[in-house]
Amino acid sequence: SSGINAEYGHILTYNCLDSSTEDPGFDESVQIILNHVSNNGPYDGIMAFSQGACLTSMLCSMKRSESALADLSFVMLFNGFRSRITKHDKYYTDVIDTVRSLHVYGQTDEVIPVDMSEKLVASFHDPVKFMHPGGHFVPSSAPVRNFCKEFLHEQLKLKHSS
């Protein structure tokens, strides 16, 4: 995303392929999400796409220290990737085992290369994954819908068995 940000006084752009040491707006974004969850939750799961999937992966890592995320039990991440901002390395030092994860990504994605999505998948304990033949989008084909539906049914069973 890009735009002029008055606080930082310049045009902000983001490219998932670039490494950086700066993360303007990250802490504020996390706080907005935590406030929303605290005021409107609880939520069992999060479905996120691309940059949102990147942010969600870091929220999963924060789960142990953030009471607002206590009820979060699963995530569905579409075309996700690990943040390449060095300040965020701490979110990936340990395998993320706080939630069950589904990862769906495109074999021909020209925005998020497959190896970046697979690096995120490897960051989770016992991940479930589906690679579709398309690009950078949330696919709606029957095989993907059925795969996601099965994952959600499993989460519902697990919720009711605990």
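Because the structure is predicted, anything quoted here is derived from the model rather than measured.

Right, let's talk about the pairing of strand β3 (residues 45-49) for a bit. Sheet analysis places β3 next to strand β4 (residues 74-78), joined by five bridges and oriented parallel. Residue pairing for β4: Phe49 is matched across the bridge by Phe78.

To continue, consider the nonpolar core. In terms of nonpolar packing, the biggest core is built from 26 residues, with Met62 and Phe124 touching the most fellow members. Counting only elements with at least two residues in this core, the list comes to α1 (26-40), α2 (51-62), β4 and α3 (114-121). Here this core takes seven residues from α2, the largest share from any one element. Counting nine residues, the second largest nonpolar core, distinct from the first, contains Met76, Leu102, Cys148 and Phe151.

The next thing to look at is a nonpolar patch on the surface. Taken together, the side chains of Met47, Phe49 and Val138 present a nonpolar region at the surface, about 260 Å² in accessible area. Within the secondary structure layout, Met47 lies in strand β3.

Under the criterion given, the structure shown has three salt bridges. Linking Lys159 and Asp44 is a salt bridge whose minimum nitrogen-to-oxygen distance equals 2.8 Å. Residue Lys159 is found in helix α4 (residues 142-161), and its partner Asp44 is found in the loop between α1 and β3; the two are separated by 115 residues along the sequence. Look at Lys159 and you get partly exposed, because its relative accessible area is 43%. Its salt-bridge partner being Lys157, residue Glu154 comes within 3.8 Å of it at the nearest N-O pair. In this pair, Glu154 and Lys157 are both assigned in helix α4, three residues apart and thus about one turn of the helix distant.

Let us now look at the environment of Met58. Counting through the fold element by element, Met58 comes out in helix α2. In this structure the C-alpha to C-alpha distance between Met58 and His88, which are 30 residues apart in sequence, comes to 7.9 Å.

Under the criterion given, the structure shown has one cavity of 30 Å³ or more. Reported here for the largest cavity is a volume of approximately 30 Å³. Lining the largest cavity are Leu77, Asn79, Gly80, His103, Val104, Tyr105, Ser117 and Leu120. Every element with two or more residues in the lining of the largest cavity is listed here: β5 (100-106) and α3. Sort the elements by how many residues they give to the lining of the largest cavity and β5 lands first, with three residues.

Before going further, it helps to spend a moment on the packing of aromatic side chains. Considering all chains together, one arrives at three aromatic pairs under this definition. Summarising the aromatic geometry, the rings of Phe26 and Tyr91 are spaced 6.1 Å apart at their centres and angled 45° between planes, so their arrangement reads as tilted. Of this pair, Phe26 sits in helix α1 while Tyr91 sits in the loop between β4 and β5; the two residues are 65 residues apart in sequence, bridging distant segments of the chain. Just as Phe26 is buried, Tyr91 falls in that class too. Both rings, one in Phe74 and one in Phe151, keep their centres 6.0 Å apart while their planes meet at 75°; by these two values the pair is edge-to-face. Linking Phe74 in strand β4 with Phe151 in helix α4, this pair joins segments that are 77 residues apart in sequence. Just as Phe74 is buried, Phe151 falls in that class too.

Conventions we followed
- Residues numbered from 1 in each chain as written.
- Predicted model: local features only at pLDDT ≥ 70, side-chain atom pairs only at ≥ 80, totals over all residues.
- Heavy atoms only, no water.
- Pairing = 2+ DSSP bridges.
- Helix = DSSP H or I, 4+ residues; strand = E, 2+ residues; numbered from the N terminus.
- Core = buried A, V, L, I, M, F, W, Y, C linked by side-chain atoms within 4.5 Å.
- Buried < 20%, exposed > 50% of the residue type's maximum accessible area, 1.4 Å probe, protein only.
- Patch = residues over 30% accessible without salt bridge, like charges linked within 9 Å, V, L, I, M, F, W, Y side chains within 5 Å.
- Areas by Shrake-Rupley, 256 points an atom, 1.4 Å probe, with all protein chains shown as cover.
- Salt bridge = Lys/Arg side-chain N within 4 Å of Asp/Glu carboxyl O.
- 1 Å grid on protein atoms, 1.4 Å probe; cavity = no way out; pocket = protein on both sides within 12 Å on 5 of 7 lines; lining within 4 Å.
- Points joined across faces, edges and corners; volume = space filled by probe spheres on them.
- Phe/Tyr/Trp six-rings, centres within 6.5 Å; stacked < 30°, edge-to-face > 60°.

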